[in-house]
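Structure at a glance
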Amino acid sequence: MIRALLVDDEPLARDELAALLEEAGGVKVVGEAGNGKDGLLKARELAPDVIFLDVDMPGLSGVEVSSLLPEPRPALVFVTAHQQYALDAFNEAAVDYLLKPVDPARLAKTLKRLEGLTTGEDETTPLERLACYQGNTVRLVAPKDIDCAYVDLTGTQVVSQGEQLHCQLPLKTLEARLPLLRVHRQYLVNPDAIKGIAIKESGAEIETHFGTKVPVSRRYLKLLKEKYLLPI
């Protein structure tokens, strides 16, 4: 049974989500909070497996709450009425995001992603193969064949030998379990796939052996300089 905390400043939204979770089964709502500050207190008190977290709240936003959660953090599912917040959700390593009003079929997919929470799986164990999706086909990709991974409004994308595939794992998990290097808030790159690095005013741009262009932000350019002793 997955233990869930609901954090939303709209009581009706909390009631609706709680009813949907009860109907879906496999989830126990152990607490609710009407703002970000109370959500943090409840998270520390109850230690839930997952927090369903509204993004747009007065005071602390859902993204701010996420950044203040103690380690080990519970899984996060952002709930929002605005699709533009989806990228913030994935950047915060959220398992998923849900648009209001929450669709039961969409919620079922989210709960499917959360099923592994109570198995005790070590989230730092290196992956021998990464399950990716191309239409209705599951592709098992070897880490050495990955060019890069990034997040966009549809979730986590993996580029393998020039092909774009979808992945259900957040970027933070890929960074922990694959030999990928963080070069941008939204991008990871396989160091062995790097063909060249072009220096730009805003940072840099990596080109992989398969021609994929990967942006490097100024924040992570220093790490590249140190790793490759770049003369810049």
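With that out of the way, let us pick up the sheet that holds strand E4 (residues 75-80). With parallel pairing, five strands are arranged side by side in an open sheet as E2-E1-E3-E4-E5. Each end of this open sheet is capped by a strand with a single partner; those strands are strand E2 (27-33) and strand E5 (96-99). In this sheet, adjacent strand axes meet at a mean angle of 25° when their direction is disregarded. Bridge count for strand E3 (residues 50-54) against E4 is five bridges, and the pairing is parallel.

Moving on: helix H7 (residues 218-228). Along H7, the positions that sit buried rather than exposed are Tyr220, Leu221 and Leu224. The buried side chains of H7 occupy one side of the element, clustering within an arc of 120° when seen end-on. Facing away from the buried surface of H7 by more than 90 degrees, the exposed residues are Arg219 and Lys222.

Running from amino to carboxyl end, helix H1 (residues 11-24) crosses helix H5 (residues 104-114) at an angle of 65°, the nearest separation of the two axes being 11 Å. Considering their axes alone, H1 and H5 lie roughly perpendicular with respect to each other. Here H1 runs over H5; the crossing is right-handed. Where H1 abuts H5, its residues Leu17, Leu20, Leu21 and Ala24 lie against Pro104, Leu107 and Leu111.

Position of Leu180 among the secondary structure elements: in the loop between helix H6 (171-177) and strand E11 (181-184). Its relative accessible area of 9% is what places Leu180 among the buried residues. Once residues lying within four places of it in the same chain are set aside, the contact partners of Leu180 are Ile146, Ala149, Glu175, Leu188, Val189, Asn190 and Pro191.

A few words on the packing of aromatic side chains. Inspection of the entire model under this criterion finds one aromatic pair. Each ring, one from Tyr150 and one from Tyr187, has its centre 5.3 Å from the other, and the planes form 20°; the classification is stacked. A residue pair is termed long-range when its members are at least 10 positions apart, and Tyr150 in strand E8 (residues 146-152) and Tyr187 in strand E12 (residues 187-189) qualify at 37 residues. Both residues of the pair, Tyr150 and Tyr187, count as buried. The aromatic ring of Tyr228 is capped on one face by Lys227, whose charged end is 5.7 Å from the ring centroid.

With that settled, consider the pattern of salt bridges. On inspection of all chains with the given rule, the structure shows nine salt bridges. Taking the shortest distance from any N to any O, the salt bridge between Arg14 and Glu32 comes out at 3.0 Å. Taken as a pair, Arg14 in helix H1 and Glu32 in strand E2 lie far apart in primary sequence, 18 residues in all. You can call Glu32 partly exposed: its relative accessible area is 31%. The residue Arg106 makes a salt bridge to Asp96 at a minimum N-O spacing of 2.8 Å. Of this pair, Arg106 sits in helix H5 while Asp96 sits in strand E5, and the two are 10 residues apart along the sequence. We classify Asp96 as buried; its relative accessible area is 1%. Each of Asp8, Glu10, Asp54 and Lys100 takes part in a single network of salt bridges with overlapping partners.

As judged from the six bridges shared by strand E13 (residues 194-200) and strand E14 (residues 203-208), these two strands associate in the antiparallel manner. Bridge pairing in E14 places Ile194 opposite Thr208. Examined bridge by bridge, E14 and strand E15 (residues 213-217) share five bridges and lie antiparallel to one another. Of the residues in E15, the one forming a bridge with Glu205 is Pro215. Hairpin connection from E14 to E15: four residues lie between these consecutive antiparallel strands, with Gly211 at a positive phi of about 85°.

Calculation rules
Residues numbered from 1 in each chain as written. Predicted model: local features only at pLDDT ≥ 70, side-chain atom pairs only at ≥ 80, totals over all residues. Heavy atoms only, no water. Pairing = 2+ DSSP bridges. Helix = DSSP H or I, 4+ residues; strand = E, 2+ residues; numbered from the N terminus. Axes fitted to C-alpha atoms, helices over the stretch in contact; angles between N-to-C directions. Buried < 20%, exposed > 50% of the residue type's maximum accessible area, 1.4 Å probe, protein only. Arc of directions from axis to C-beta. Parallel < 35°, antiparallel > 145°, perpendicular 65-115°, else oblique. Left-handed = near helix turned anticlockwise from the far one by under 90°. Contact = heavy atoms within 4.5 Å. Phe/Tyr/Trp six-rings, centres within 6.5 Å; stacked < 30°, edge-to-face > 60°. Lys NZ or Arg CZ within 6 Å of the ring centre and 35° of its normal. Salt bridge = Lys/Arg side-chain N within 4 Å of Asp/Glu carboxyl O.

By themselves, these are just geometric observations and shouldn't be taken as functional.
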